[in-house]
Amino acid sequence: MYGLTYPRKRVGLLVKRQRYRCRECSQTFWERLDYTIDEKRNCTKRLLSYIEKQSLKRTFVSISEDVGLNEKTIRNIFRDYIKRLEETLRFETPKWLGIDEIHIIKPRCVLTNIEERTLLDVLPNRNKETVVRYLSRLPNTARIAYVTMDMWQPHKDAVKAVLPKAIIIVDKFHVVRMANQALETIRKQLREGLSPKVRRGLMHDRFILLKRHKELTEMDKITLDLWT
Ligand SMILES: [Zn+2]
């Protein structure tokens, strides 16, 4: 049996327990230890709750080295804990929902509350089915008036399927990024056809093209004119 003392010293526990036999059917059973011991994980309840809390912020391997339990057991304890948390924790459905992707090993769908600037959830991937399943399970979806998103079609399809009344808005960030990419492509194309001398005259041109108009110096404005 595994245990842990304070401060964090791992211990092994030898527990003597009684074995009984039923007089009626002669089946045997052990004395129950459920007040302090978790029989499923073969460790004390105190250690179990310590692992649960640690598993949210540390690697499973480091916890395993710390307490002596197998890394796989740590992972299972984490899974059980998450399941329990998911059953009890409820996030409020936002009025303005944000849908985007986040790259954690692979692209995943991330949902946010735009008004509160908080994270709502992260889904295992960004497929239409995954997002549809998530949105259909969300309570009070009638509350969602606006959905801000990237330009990933499955996100749009999912929202149209589950939240037909919500207004879809493409996040400005993605529009600006694509506009910048388009500008850069054209700039490179134009540059190709220029002589080295003209090119030298257009040094730092990229930054001029990216600047706000009011921030341009007189010299910048001349360069910008040359380009446009
Ligand atoms: Zn019996």
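In short, a report on the structure. This one's a predicted model, so the numbers in the text were calculated from it and none came from an experiment.

**Regarding the side chain of threonine 148**
Now for step 1: Locating threonine 148 in the fold gives a position in strand 10 (residues 146-149).
Now for step 2: If we skip the residues at most four places from it in the chain, threonine 148 touches Leu97, Gly98, Ile99, Ile114, Ile169 and Asp171.

**Regarding the environment of methionine 151**
Now for step 1: Its place among the elements puts methionine 151 in the loop between strand 10 and helix 5 (153-162).
Now for step 2: A relative accessible area of 44% means that methionine 151 is categorised as partly exposed.
Now for step 3: Sequence spacing of methionine 151 and aspartate 205 is 54 residues, and the spatial spacing of their C-alpha atoms is 29 Å.
Now for step 4: When residues no more than four places from it in sequence are discounted, the contact partners of methionine 151 are Val170, His174, Val175 and Met178.

**Some remarks on the packing of helix 1 (residues 45-54) against helix 2 (residues 60-67)**
Now for step 1: Between helix 1 and helix 2, whose axes approach to 10 Å, the crossing angle comes to 155°. Between helix 1 and helix 2, the crossing angle belongs to the class labelled roughly antiparallel. Relative to helix 2, helix 1 is oriented so that their crossing is right-handed. Along the contact surface, helix 1 presents Leu47, Tyr50, Ile51 and Gln54, while helix 2 presents Ile63, Asp66 and Val67.

**Here we look at the pairing of strand 11 (residues 167-170)**
Now for step 1: Direction of pairing for strand 10 relative to strand 11: parallel, over a ladder of four bridges. Within the sheet, the bridge partner assigned to valine 147 lies in strand 11 and is isoleucine 168.
Now for step 2: Of the crossover connections in this fold, the one passing from strand 10 over helix 5 to the parallel strand 11 is right-handed.

About the cut-offs
- Residues numbered from 1 in each chain as written.
- Predicted model: local features only at pLDDT ≥ 70, side-chain atom pairs only at ≥ 80, totals over all residues.
- Heavy atoms only, no water.
- Helix = DSSP H or I, 4+ residues; strand = E, 2+ residues; numbered from the N terminus.
- Contact = heavy atoms within 4.5 Å.
- Buried < 20%, exposed > 50% of the residue type's maximum accessible area, 1.4 Å probe, protein only.
- Axes fitted to C-alpha atoms, helices over the stretch in contact; angles between N-to-C directions.
- Parallel < 35°, antiparallel > 145°, perpendicular 65-115°, else oblique.
- Left-handed = near helix turned anticlockwise from the far one by under 90°.
- Pairing = 2+ DSSP bridges.
- Right-handed = clockwise from strand over helix to strand, strands pointing away.

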